[in-house]
Amino acid sequence: MARYYDIASPAYVLEEDLLRRNLALIASVTDRTSVEIILAFKAYALWRTFPIITEYVPHSTASSVWEARLAFEEMGAPAHTFSPAYTREEFPEILRYSSHVTFNSLSQYRLLAPMVKNVGVSLGLRINPEYSAVETALYNPCAPGSRFGVSASELGDTLPEDIEGLHFHTLCESTSYELEKTLAIIEDRFAAVLKQARWLNMGGGHLMTRKDYDVEHLVRLLKDFSGRHPHLHLIMEPGSAFGWQTGFLKSTVVDIVEHQGIATAIVDVSFTCHMPDCLEMPYKPVIRGAHQEPVQGLPTYRIGGCSCLSGDFIGDWSFDKPLQVGDELIFEDMLHYTTVKTTMFNGVRHPDIVLLRTDGKKEMLRSFDYEDYKNRMN
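Definitions and cut-offs
Residues numbered from 1 in each chain as written. Predicted model: local features only at pLDDT ≥ 70, side-chain atom pairs only at ≥ 80, totals over all residues. Heavy atoms only, no water. UniProt positions renumbered as here; feature names shortened; annotations may be inferred. Axes fitted to C-alpha atoms, helices over the stretch in contact; angles between N-to-C directions. Helix = DSSP H or I, 4+ residues; strand = E, 2+ residues; numbered from the N terminus. Left-handed = near helix turned anticlockwise from the far one by under 90°. Contact = heavy atoms within 4.5 Å. Nonpolar A, V, L, I, M, F, W, Y, C, P; charged D, E, K, R; others polar. Pairing = 2+ DSSP bridges. Phe/Tyr/Trp six-rings, centres within 6.5 Å; stacked < 30°, edge-to-face > 60°. Buried < 20%, exposed > 50% of the residue type's maximum accessible area, 1.4 Å probe, protein only. Lys NZ or Arg CZ within 6 Å of the ring centre and 35° of its normal. Parallel < 35°, antiparallel > 145°, perpendicular 65-115°, else oblique. Lys, Arg positive; Asp, Glu negative; His and termini not counted. Salt bridge = Lys/Arg side-chain N within 4 Å of Asp/Glu carboxyl O. Polar contact = N/O pair within 3.5 Å; in protein donor to acceptor, adjacent residues only side chain to side chain.

- The protein is annotated in an unreviewed UniProt entry as Carboxynorspermidine/carboxyspermidine decarboxylase of Porphyromonas loveana.
- Listed under Sequence similarities (unreviewed entry) in UniProt, the entry text for the protein is "Belongs to the Orn/Lys/Arg decarboxylase class-II family. NspC subfamily."
- Under the Cofactor (unreviewed entry) heading, UniProt states for the protein: "pyridoxal 5'-phosphate".

Shown next, in the form of structure tokens:
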């Protein structure tokens, strides 16, 4: 508590030493396998920390014009870009900020590939192996009727002209064993085009910085795959792995209400505004010092957000002593995805973003005010 007690609530707090711990592990996988690992902005885009990131990882992946521009301007390198659909109007700008561009469909390739002649961008095609271990429907890119990627039957045995790479993204906070199953299916269903490709992007979802992730198995898997396909340059673009367990969201109890036997502690943050994945996934975040599940005999509270959405709450937690107005609640692991998906719904005050340096100094990365809200509305 002593390191951040004077940080005003609400605030996302990123801890530099924890970020560097993740980056060191990610860089070690690259060193041991020669697989290029790049940062996915969809999960982590705190650009003022890019000088730290680029000490370990020089490149990134983008899913839009603005993300590609952010890569070019703030990471100092063009992006590996994929989007479900590019417009003819935006595509020249995509090319300006990208080193690699992946098409989602053969129709997009046919429409836009002629614009790429002599611009030095490597073209790829997203494939759909029609297999994914992701159980949450919202995050399953291989569900029946999925809009993502080209199936083996649709692609055939020959890569289209000028397509140099293949891209798949079928994982979500997954293990190396799920990657292994996916690679085996791709080697079977896309055998002919794998031989013709120059690079293979294995997408994201590789949660290699999670405590129970088998990094040694990942290293063996990547080395073995490279050995079977030495002509392929391999790329991975995890997002969560970079920001996993690197910081928290600090909040304060504003009020405590009780109705029909349910005590609710209302805090100065919102699940729908500031922790949207908790409602979308859904999952119940860890609160520091609390019991994750209700314990009979202990003070138990539903934690409610400060927006007007009726469902702005997630479950109940028990505490060793009763909560009081003014108590701080720390929501753990709130830097990946959360910081890029927040909204200003209801005009709820947006948390500050603070970097806690390794030496204990605190750096305000971003503070939001009324003008930020107002300017988004008009």
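Considerations on the packing of helix α1 (residues 16-33) against helix α9 (residues 215-228)
Right, so step 1: At a minimum axis distance of 10 Å, the contact between α1 and α9 shows a crossing angle of 35°. Considering the relative orientation of α1 and α9, their crossing is right-handed. Between α1, through Leu25, Val29, Arg32 and Thr33, and α9, the contact on the second element is made entirely by Val215, Glu216, Leu218, Val219, Leu222 and Lys223.
Right, so step 2: Residue composition of the contact of α1 with α9, grouped by class: six nonpolar, one polar and three charged.

Some thoughts on the pairing of strand β10 (residues 233-236)
Right, so step 1: Sheet topology places strand β2 (residues 36-37) next to β10; two bridges connect them, and they run parallel. Bridged to Ile37 within β10 is Met236.
Right, so step 2: Where strand β9 (residues 199-201) and β10 come together, three bridges link them in parallel fashion. Note on β10: the bridge partner recorded for Trp199 is His233.

Some thoughts on the packing of aromatic side chains
Right, so step 1: Under the defined criterion, the tally for this structure stands at nine aromatic pairs.
Right, so step 2: Seen from their ring centres, Phe41 and Phe50 are 5.3 Å apart, and the 10° between their planes marks the pair as stacked.
Right, so step 3: Among the residues examined, Phe41 registers a relative accessible area of 1% and is labelled buried.
Right, so step 4: When the ring of Tyr86 is compared with that of Phe103, the centres are 6.1 Å apart and the planes differ by 85°; the resulting orientation is edge-to-face. Residue Tyr86 is located in the loop between β5 (79-82) and α4 (91-96), and its partner Phe103 is located in strand β6 (residues 98-103); the two are separated by 17 residues in the primary sequence.
Right, so step 5: Among the aromatic residues, those joined into a ring-pair cluster are Tyr86, Phe91, Phe103 and Tyr109.
Right, so step 6: A cation over an aromatic ring shows up here: Arg302 above the ring of Phe313, its NZ or CZ 4.3 Å from the ring centre.

Re unusual backbone geometry
Right, so step 1: Look at the link from Ser9 to Pro10: it is a cis peptide, with omega at 0°.
Right, so step 2: With respect to the helices and strands, Pro10 occurs in the segment before β1 (11-15).
Right, so step 3: Backbone torsion omega between Met281 and Pro282 reads -15°, so that peptide bond is classified as cis.
Right, so step 4: With respect to the helices, strands and loops of the structure, Pro282 is situated in the loop between α12 (276-280) and β13 (300-304).
Right, so step 5: One non-glycine residue, Glu173, adopts positive backbone phi at about 50°.
Right, so step 6: Structurally, Glu173 can be placed in the loop between β8 (163-167) and α7 (176-189).
Right, so step 7: Owing to a relative accessible area of 26%, Glu173 belongs among the partly exposed residues under this scheme.
Right, so step 8: The phi angle at Gln260 is positive, at roughly 50°, despite the residue not being glycine.
Right, so step 9: Within the secondary structure, Gln260 sits in the loop between β11 (247-259) and β12 (262-267).

Quick notes on the environment of Leu159
Right, so step 1: Tracing the backbone through its elements, the reader meets Leu159 in the loop between α6 (152-155) and β8.
Right, so step 2: Of the residues examined, Leu159 reaches a relative accessible area of 10% and is grouped as buried.
Right, so step 3: Between the alpha carbons of Leu159 and Gly124 there is a distance of 9.7 Å; along the sequence they are 35 residues apart.

Thoughts on the UniProt feature "domain: Orn/DAP/Arg decarboxylase 2 C-terminal" (unreviewed entry) in the protein
Right, so step 1: With numbering aligned to this structure, UniProt lists the feature "domain: Orn/DAP/Arg decarboxylase 2 C-terminal" (unreviewed entry) at residues 187-334.
Right, so step 2: What you have in residues 187-334 is 24% helix and 28% strand, and the ends, taken at the C-alpha atoms, are 36 Å apart.

Thoughts on the packing of α7 against α9
Right, so step 1: With their axes 9 Å apart at the nearest point, α7 and α9 run at an angle of 15° to one another. Viewed along their axes, α7 and α9 adopt a mutual orientation that is roughly parallel. The way α7 lies across α9 gives a crossing that is left-handed. Across the interface between the two elements, Ser176, Tyr177, Leu179, Glu180, Leu183 and Glu187 of α7 pack against His217, Leu218, Leu221, Leu222, Phe225 and Arg228 of α9.
Right, so step 2: In terms of residue class, the contact of α7 with α9 is made up of seven nonpolar, two polar and three charged.

As for the side chain of Arg126
Right, so step 1: You can see Arg126 is positioned in strand β7 (residues 122-126).
Right, so step 2: This buried residue, Arg126, is left without a salt bridge; Glu237 holds the nearest opposite charge, at 7.1 Å.
Right, so step 3: Polar contacts involving the side chain of Arg126 include one to the main-chain carbonyl oxygen of His169, which spans 3.0 Å.
Right, so step 4: If we skip the residues at most four places from it in the chain, Arg126 touches Phe82, Thr102, Phe103, Asn104, Pro141, Phe148, Gly149, Val150, His167 and His169.

So, helix α3 (residues 65-75)
Right, so step 1: Every buried residue belonging to α3 is among Val65, Glu67, Ala68, Ala71 and Met75, and all of these are buried.
Right, so step 2: Where α3 is buried, its residues contact β3 (39-40), α2 (50-53), β4 (60-62), β5, α4 and β6.
Right, so step 3: Note on α3: the residue one or two positions beyond its end, Gly76, has a positive phi of about 75°.

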